[in-house]
There are 6 protein chains.
Amino acid sequence: MQLERNAFIGCDSDYENSHIVIFGAPFDSTTSYRPGTRFGSRAIRSESYGIETYSPYQDKDLTDYSVYDAGDLELCIGSSELALKQIEDTANEILSDNKIPLMLGGEHLVTLGAVKSVYRKYNDLYIIQFDAHADLRNDYLGVKNSHACVMRRCYELVGEKHIYQFGIRSGEREEFTFAQKHTIMNRFNLDRIDDCVKALKGKNVYLTIDLDVLDPSIFPGTGTPEAGGVSFTELLNAVMKLKELNIVGLDMNELSPPYDASGVSTAVACKLLREILLMML
Amino acid sequence: MQLERNAFIGCDSDYENSHIVIFGAPFDSTTSYRPGTRFGSRAIRSESYGIETYSPYQDKDLTDYSVYDAGDLELCIGSSELALKQIEDTANEILSDNKIPLMLGGEHLVTLGAVKSVYRKYNDLYIIQFDAHADLRNDYLGVKNSHACVMRRCYELVGEKHIYQFGIRSGEREEFTFAQKHTIMNRFNLDRIDDCVKALKGKNVYLTIDLDVLDPSIFPGTGTPEAGGVSFTELLNAVMKLKELNIVGLDMNELSPPYDASGVSTAVACKLLREILLMML
Amino acid sequence: MQLERNAFIGCDSDYENSHIVIFGAPFDSTTSYRPGTRFGSRAIRSESYGIETYSPYQDKDLTDYSVYDAGDLELCIGSSELALKQIEDTANEILSDNKIPLMLGGEHLVTLGAVKSVYRKYNDLYIIQFDAHADLRNDYLGVKNSHACVMRRCYELVGEKHIYQFGIRSGEREEFTFAQKHTIMNRFNLDRIDDCVKALKGKNVYLTIDLDVLDPSIFPGTGTPEAGGVSFTELLNAVMKLKELNIVGLDMNELSPPYDASGVSTAVACKLLREILLMML
Amino acid sequence: MQLERNAFIGCDSDYENSHIVIFGAPFDSTTSYRPGTRFGSRAIRSESYGIETYSPYQDKDLTDYSVYDAGDLELCIGSSELALKQIEDTANEILSDNKIPLMLGGEHLVTLGAVKSVYRKYNDLYIIQFDAHADLRNDYLGVKNSHACVMRRCYELVGEKHIYQFGIRSGEREEFTFAQKHTIMNRFNLDRIDDCVKALKGKNVYLTIDLDVLDPSIFPGTGTPEAGGVSFTELLNAVMKLKELNIVGLDMNELSPPYDASGVSTAVACKLLREILLMML
Amino acid sequence: MQLERNAFIGCDSDYENSHIVIFGAPFDSTTSYRPGTRFGSRAIRSESYGIETYSPYQDKDLTDYSVYDAGDLELCIGSSELALKQIEDTANEILSDNKIPLMLGGEHLVTLGAVKSVYRKYNDLYIIQFDAHADLRNDYLGVKNSHACVMRRCYELVGEKHIYQFGIRSGEREEFTFAQKHTIMNRFNLDRIDDCVKALKGKNVYLTIDLDVLDPSIFPGTGTPEAGGVSFTELLNAVMKLKELNIVGLDMNELSPPYDASGVSTAVACKLLREILLMML
Amino acid sequence: MQLERNAFIGCDSDYENSHIVIFGAPFDSTTSYRPGTRFGSRAIRSESYGIETYSPYQDKDLTDYSVYDAGDLELCIGSSELALKQIEDTANEILSDNKIPLMLGGEHLVTLGAVKSVYRKYNDLYIIQFDAHADLRNDYLGVKNSHACVMRRCYELVGEKHIYQFGIRSGEREEFTFAQKHTIMNRFNLDRIDDCVKALKGKNVYLTIDLDVLDPSIFPGTGTPEAGGVSFTELLNAVMKLKELNIVGLDMNELSPPYDASGVSTAVACKLLREILLMML
């Protein structure tokens, strides 16, 4: 007698038969301002039953495919190093079974664990980042493994001009200067997504979506909301274009349920995750 | 000594002199996800004192017209059949006095009670529906009188191609297939509203507005928020165009105050109701 | 790869080896005032990771025993009859395997489904009810299967003076009059719990805890909070005394997470459930 | 067709036949800390439908008596003088019809308007005050008509040792010194309520209940919560003893709905109001 | 040992060296609907640490300039006259030191105190107002010093056609009629901002921003949210154009933290204030 | 021109003249469940203006003494080691000036930094801990510097039977076993506080108050609320008895404002801090 499984809606297939494997990384220890993203993956899973499995945008239905949702890691809040190691190990296991890891944060730092794993397998890796913040600091008050530095750490792995940044509208002056030299940054909006898709066709791509790229009007439930973001439709359209790329790993992060009183942000994350899954399948 | 009347702002005329009669249907027993719309009509009424009676959009003032707000029905939570019967009876009474019933939900199922009543009087009835959800299921977990089936039930009354659906962006595949054959559906937006107005000129029309047709950014306070909706201004403009039609009954539903922490959704509903009233008068 | 199981903390044993089986009944369609208890069982399960498995009150640890948490039923919101039937069937299955069903509500009406099942197996059944409300109405606005009538329906099953009611402090005059004749009611507090335990020793007992028996100061998160209730320690002490009884089925209900902004009510429910489980084991 | 009247539950009798007349004074312009009590009377009225009309404490039912609820005054937020005048006029009208005014605040300052009116009719007037705060300041930042000074203003009307204060646990040193000379203050608790009742038997008494006399655990929804207050049961018992007195006017104030997320404070106010009404009837 | 100063981020220079001086006016006594703006300036200050000092929009950094944040006035809640006097005195002091006062509200009425002071120094003063509401009433329920009348009072100071109003979408009919004759009103949007800048070049300008000019989707946290407002980007672009004007005093008001559950409105206010400061510097 | 200082009410004296120095340690990186205590000290400071400086319990007034509030440390979220070092350094500085450090958390781990500093100065140090949780784990998921281990770390410093624990009602079995051997634990309540005071007279004592020792009914705003706690009055009375001891350092922690919707928990913390200060002075 098992009355239900705790999985994202429509993602309760067997591990063996699934091409994509979802797992949660409930970690937010380095969040410098308002914490709470540790509850993000859990909220997405449980609130997913408020949406349908069918997408009228893509005319596809999750129930026609096989996806496995493995649940949440039990991460050690209080040690970034231990947490990143656990994430990396989990991604390694999924990748070694020739599946695609789809991680749900947590704060943006968790991306580093997954990227390390994916980069080990695919050594010419490109990253597409949707985000309000550059996340390119060298350190944050002396700490290197911080959400504010995560793309800088990724850059140190994947190298020059291998990171495409979209929607960036916040950071220190130094981060913007750094981006001009070392990444390909599209400030404020997603206008040059077509160029990016064209450039990366045939390459191995890791996709990281910091949900605060969305305007706070539609996504208030995050630690550091930044006005002037993109609309849901703009993000959805951009994500749809990535269907032509070879995405080998991905994550979606920074939903903070304690700051989502109406539940709209969680509903947005659920709908976006459904569309991303259907785009990948 | 009566210090105040509990009516929507500017709608405290006598029943006898009023062409439009407002009543509330505080019912949400079939809401499958997040309940709370039973408090919708009450909230609209009490928060209406935060807006003005004058509309700069239409240069009209509610105080120049006569509208009667009868208050809320006491509906039996726990029995859809009893509740729908009470709604139907109330609408019957209003219609038999040659007035127009304007019902405030409650969940969308309440529309069925009002449509039954209006259809008895006007047997070639057309329905215009603004909604995020198709609401065209045959049944929901075995139940036929469910918010998720309400337009299917209405279709069974008014017949083929008599329902115009706008803003629909969520449903099962079967609902969209059904719509292609049996209703006139405008997905995602309100673009073809002009065609609709042209087609229905001179016909008897029932207007049902599920407020979740609005984007959750401006209307978070509803049970199943669906990103990618229309803006307030888009909805307002569409509503204004209906002035050319012969609307014989109408409702506005699905405001859920428990999910409206900031009060913005209720304020939006109040403002929209003022504009609808002024458009009708 | 399964990273976690969605069970109440320490209750992830196999069904076969477990003497007690937990299941959730997420139903609140007849709630006449503020709905939301449909989310109660889910909240208890996910928030249980905020407490320990060890009880210093009883010096026992959940990890030393076997309990199986089957998850939540998918109940048809909108039809009390269908929902009660599903609950009854589930309890039947557990009882036929010689296990004890422990149901998490949902509203109090769900008790009726479980009591029907337990009564079929044990035909001289006594019920102990902790509650703020008598729940002894004959009907509620014409509906018989209502939370406000649940103990009246149970009375019709188990018979005269077979229900012990504690903490009751709200109801219609008729309910109190009815209780004087047909049940054994302890108003306002739990003072006569010792008499009850003495009287029921050796009998088959069903225990139903409506959490609103607690004072709203410690348990605000419920649909109809009633001031003047018992303290957590008083309820805990009373529950501990039931250890001498032969409890053959039980439930805990009426936690409404939408009205539990601080999370304290859910934490209280979790702690109480731990103590109840340890008392039973 | 009028579907409902907006009155406190069970208080929808005619004005003519009612001995007690309820009215609301939605004013909080002088609240120095967290405003919001202007919504108190409205919340009490609409949430009253969550309680019963019958009291098991007194074995009485509101439906057996006649009480008229006149609704809320429309007070000028922004001018204490105008607002107090309106309150006084309303109380005058009720008193001249030989009825008892029962005012719902609003902030505590509104008491001054009602006391002025009652004092005009009954010139040897005693006041019983339940409150966490002494409210005996001479002025507050230069303003004399302030909630923090309201009992000082009342003292200037009714004179030496005519005010009995209970539950007081906050104020400036000067207020406590003043009280020693000019009022009869019972600090921290309600212990000497019997002495008070004995002393005031046969006198004309005005009763003012600042709900923050209750401990914030059971009454969080107020502007300046003060820990260490009395329990609901203690307050209820004290109120019940006042039945032997000749109460000629009364009020209950300082519920602030914006700080009552769970709704418990409003429910407490409703239950207390029911008990007060039944005690008076 | 002083561990921190309580100033808006990057505004902790000395008074002497600063060209702009920020101060808070925590007053909302005349707010007719939902109070709470008294906590606005405090929230902006403390939440400012969630944004950066650098603006990628203007490529400027607050740390490269000198601004002094003096903190909040201690205003007498309950007396508009006293409060306006204190505000005027403070602005006088700043102006007499040849600095620019930047006041943070508080409700919109506080603008009157600052405008009085600025007008004394610059007697041919123009005002630019961004607002959802006209604020042109002659009085509000008899009170002249009300937020609903503030621009009428300012008009009486600065004279005919000296007030440019943008984004106005709410008011009584009389206010719109008044505006046609006496102010220059741009309804609904900011479209004619270029004309305004052209017309006012070389003049002394006072800028007042009522944040409810923004659409409630991005700025829910205000007392009277009005749908159909401008987007953050539209407001930002308009503000940027004012850089060509000679702004001699300014304010930003009507943030109401109690209605900002997600914190997004406060974050928007912080970001806008940073951009305004950088535009001025 | 400085309009206000950001200090706890009545604690704005000079550092030099003050015997007690308050500072905040806004850190919660190891919080394993619900984070947010990083905002605790800030909330206490800003909400302190809702209470009076005078205590009727002790008949003392803060304005008659000199206390300096230094504000909050800027701690590195994400590194416990760095944060503890900063706290220790700050306490060292205060102690070397012969003042008493009073630290406001933050999570309970911050106590370790202060105890290290105090222990360096006073090497026969005793600790009095009020807490719901034993905090005696050896490690938490491999991490030693965790809130769940803080008293174990302190024990390793101060030695056998040097820690008096009160109110403890949660922990693993091992923690209770450990306590029996190595600390002096008073479970569930504060009953043996007199024995403790007697035993420690003349000794150097560090006092640490985890506010979750209070019952969640009066203190809901904390990360892991534990029902069955002590009342405000019980804690106040116990604190008052410590006046006979030689307290050389102290802290109060675990207020989590995001879980304090009503603000009552913060108000309780403010009032308790006032009483602690007055007890020390």
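Going by the structure above, here's the rest.
Residues numbered from 1 in each chain as written. Chains lettered and ligands numbered in written order. Predicted model: local features only at pLDDT ≥ 70, side-chain atom pairs only at ≥ 80, totals over all residues. Heavy atoms only, no water.

Asker: For the overall build of chain A, give the residues involved together with the corresponding values.
Answerer: Broken down by element type, chain A carries eight helices and 10 strands. The C-alpha atoms of chain A give a radius of gyration of 17 Å, which matches the 19 Å a tight globule of 281 residues would have. Seen through its principal axes, chain A has C-alpha atoms that stretch 55 × 40 × 40 Å. Burial status across chain A gives 70% buried among its 281 residues. Considering only contacts in chain A between residues 6 or more positions apart, those separated by 24 or more positions represent 76%. For chain A, the accessible area works out to roughly 8500 Å², and carbon and sulfur atoms hold 44% of it. (Helix = DSSP H or I, 4+ residues; strand = E, 2+ residues; numbered from the N terminus. Rg over C-alpha atoms; globule rule 2.2 N^0.38 Å. Buried < 20%, exposed > 50% of the residue type's maximum accessible area, 1.4 Å probe, protein only. Contact = heavy atoms within 4.5 Å. Areas by Shrake-Rupley, 256 points an atom, 1.4 Å probe, with all protein chains shown as cover.)

Asker: Let's hear about the interface of chain C and chain B: which residues, and what values?
Answerer: Chain C puts 25 residues into the contact, and the matching count from chain B is 25 residues. Between chain C and chain B the total buried area reaches about 1600 Å² when both faces are included, carbon and sulfur atoms providing 61% of it. Linking chain C with chain B are zero salt bridges, by the criterion used here. Across the chain C-chain B interface, the total number found is five residue pairs in polar contact (both at pLDDT 80 or more). The class makeup of the residues in the side of chain C that touches chain B is 12 nonpolar, eight polar and five charged. (Buried area = accessible area lost by both parts, 1.4 Å probe. Salt bridge = Lys/Arg side-chain N within 4 Å of Asp/Glu carboxyl O. Polar contact = N/O pair within 3.5 Å; in protein donor to acceptor, adjacent residues only side chain to side chain. Nonpolar A, V, L, I, M, F, W, Y, C, P; charged D, E, K, R; others polar.)

Asker: Which residues make up the packing of aromatic side chains, and what are the values?
Answerer: Per the counting criterion, the structure on display carries 36 aromatic pairs over all chains. Ring geometry for D:Tyr155 and D:Phe178: centres 5.0 Å apart, planes at 90°, overall edge-to-face. Here D:Tyr155, found in helix α4 (residues 150-158), pairs with D:Phe178, found in helix α5 (residues 173-182); they are 23 residues apart in sequence, far enough to count as distant. Positioned over the ring face of C:Tyr15 is C:Lys99, at 5.1 Å from the centre of the ring. One Lys or Arg, D:Arg34, reaches over the ring of D:Tyr259 and ends 3.8 Å from the middle of that ring. (Phe/Tyr/Trp six-rings, centres within 6.5 Å; stacked < 30°, edge-to-face > 60°. Lys NZ or Arg CZ within 6 Å of the ring centre and 35° of its normal.)

Asker: Quick rundown of the sheet that holds strand β4 (residues 67-72) of chain B? Include the residues and the values.
Answerer: Residues and elements named next belong to chain B. The strand order across the open sheet formed by eight strands is β4-β1-β5-β10-β9-β6-β7-β8, and the pairing between neighbours is parallel. Because the sheet does not close on itself, it has two edges, and the strands there are β4 and β8 (184-187). Neighbouring strand axes in the sheet, compared pairwise and without regard to direction, differ in orientation by 15° on average. Here three bridges tie strand β5 (residues 100-105) to strand β10 (residues 246-253), and the two strands are oriented parallel to one another. Within β10, the position partnered with Leu 104 by the bridge is Met 252. The strands that helix α1 (residues 40-47) touches are β1 (20-25), β4, β5 and β10; relative to β4, the one it contacts most, it runs at about 135°. (Pairing = 2+ DSSP bridges. Axes fitted to C-alpha atoms, helices over the stretch in contact; angles between N-to-C directions.)

Asker: Tell me about the relation of the copies chain A and chain F, and name the residues and values.
Answerer: Note on the chain copies: they are related by a rotation about an axis and a translation along it. Laying chain A over chain F is done by rotating through 180° and shifting 0.0 Å along the axis; what remains is an RMSD of 0.0 Å. What the rotation and shift describe, once combined, is the action of a two-fold rotation axis. For chain A, the minimum C-alpha distance to the rotation axis belongs to A:Ser29 and amounts to 2.5 Å. Mapped onto chain F, 100% of the interface residues of chain A are again interface residues, and the two copies thus contact each other with one and the same surface. (Least-squares fit on C-alpha atoms with pLDDT ≥ 70 in both.)

Asker: Can you lay out the relation of the copies chain C and chain B for me, pointing to particular residues and giving the numbers?
Answerer: With an RMSD of 0.0 Å, chain C superimposes on chain B once it is rotated by 180° and translated 0.0 Å along the axis. The overlap is high: 100% of the interface residues of chain C also sit at the interface in chain B, so the same surface is used on both sides.

Asker: Account for the packing of helix α1 (residues 40-47) of chain D against helix α8 (residues 264-280) of chain D, with residues named and values stated.
Answerer: Residues and elements named next belong to chain D. It is the contact of α1 with α8, at a shortest axis distance of 9 Å, that shows an interaxial angle of 75°. Regarding the angle of α1 to α8, the classification is roughly perpendicular. Facing α1, whose interface residues are Ala 43, Ile 44 and Glu 47, α8 presents Thr 266, Ala 269, Cys 270 and Leu 273. Here the contact of α1 with α8 is composed, by residue class, of five nonpolar, one polar and one charged. (Parallel < 35°, antiparallel > 145°, perpendicular 65-115°, else oblique.)

Asker: Mind laying out helix α6 (residues 193-200) of chain F, listing which residues take part and the relevant values?
Answerer: All names here are of chain F. The complete set of buried residues in α6 reads Ile 193, Cys 196, Val 197 and Leu 200. Each buried residue of α6 sits inside an arc of 95° when the element is viewed along its axis, so together they form one side. Packed against the buried residues of α6 are β6 (125-130), β7 (163-168), β9 (204-210) and α7 (232-241). Of the residues one or two after α6, Gly 202 is the one with positive phi, at around 90°. (Arc of directions from axis to C-beta.)

Asker: Which residues make up the pairing of strand β5 (residues 100-105) of chain D, and what values go with them?
Answerer: All names here are of chain D. With six of six residues buried, β5 is to be regarded as a mostly interior element. Burial along β5 is two-sided: the residues Ile 100, Leu 102 and Leu 104 and Pro 101, Met 103 and Gly 105 are all buried. Judged from the six bridges that link them, strand β1 (residues 20-25) and β5 form a sheet pairing that is parallel. Residue pairing for β5: Phe 23 is matched across the bridge by Met 103.

Asker: Outline the sheet that holds strand β6 (residues 125-130) of chain C, listing residues and values.
Answerer: Residues and elements named next belong to chain C. With respect to topology, eight strands assemble into an open sheet ordered β4-β1-β5-β10-β9-β6-β7-β8, the strand pairing being parallel. Two strands close off the open sheet at either side, each with one partner strand: β4 (67-72) and β8 (184-187). With direction set aside, neighbouring strand axes in the sheet form an average angle of 15°. Relative to strand β9 (residues 204-210), β6 runs parallel, the two sharing six bridges. Looking at the pairing, Leu 125 lines up with Asn 204 of β9. Packing of helix α1 (residues 40-47) onto the sheet brings it into contact with β1 (20-25), β4, β5 (100-105) and β10 (246-253), and relative to β4 it is tilted by some 135°. Against the sheet, helix α2 (residues 80-96) contacts β1, β5 and β10, and its axis sits at roughly 175° relative to β1.

Asker: Could you give an account of the pattern of salt bridges, with specific residues and numbers?
Answerer: Residues and elements named next belong to chain E. Counted under the stated rule, the structure contains 102 salt bridges over all chains. Arg 45 is the salt-bridge partner of Asp 72, the closest N and O atoms lying 2.9 Å from each other. Residue Asp 72 is found in strand β4 (residues 67-72), and its partner Arg 45 is found in helix α1 (residues 40-47); the two are separated by 27 residues along the sequence.

Asker: Lay out the interface of chain A and chain F with the relevant residues and their values.
Answerer: Each side of the interface is counted separately: chain A has 25 residues, and chain F has 25 residues. In this assembly, chain A and chain F are joined by zero salt bridges. Inspection of the region where chain A meets chain F yields five residue pairs in polar contact (both at pLDDT 80 or more). Within the side of chain A that touches chain F, the residues separate by chemical class into 12 nonpolar, eight polar and five charged.

Asker: Account for unusual backbone geometry, with residues named and values stated.
Answerer: Here the residue pair B:Gly105 and B:Gly106 is connected by a cis peptide bond, since its omega of 5° sits within 30 degrees of zero. We note that A:Leu141 has phi near 50°; this positive angle belongs to a residue other than glycine. Secondary-structure assignment places A:Leu141 in the loop between β6 (125-130) and α4 (150-158). Residue classification places A:Leu141 among the partly exposed residues on the basis of a relative accessible area of 39%.

Asker: Account for the arrangement of the chains, naming residues and giving values.
Answerer: Regarding chain C and chain E, the two do not touch, and the least distance separating their C-alpha atoms is 12 Å. If you take every C-alpha in chain B and every C-alpha in chain F, the smallest gap between them is 12 Å, and the two do not touch.

Asker: If you had to explain the side chain of B:Ser55 to someone new, which residues and values would you point to?
Answerer: Residue and element names in this part refer to chain B. Note on placement: Ser 55 falls in strand β2 (residues 54-55). A polar atom in the side chain of Ser 55 sits 3.1 Å from the backbone nitrogen of Tyr 57. Looking at Ser 55, its side chain comes within polar contact range of the main-chain nitrogen of Gln 58, at 3.0 Å. What Ser 55 contacts, discounting residues up to four positions off in sequence, is Lys 60, Arg 274, Glu 275 and Leu 278.

Asker: Outline the environment of E:Tyr54, supporting the account with residue identities and numerical values.
Answerer: Structurally, the position occupied by E:Tyr54 is in strand β2 (residues 54-55). Classification of E:Tyr54 as buried rests on a relative accessible area of 4%. For E:Tyr54, the contacting residues outside a window of four places in its chain are A:Gly171, A:Glu172, A:Arg173, A:Phe176, E:Asp59, E:Lys60, E:Asp61 and E:Arg274. At 2.7 Å, the side chain of E:Tyr54 forms a polar contact with the side chain of E:Asp59.

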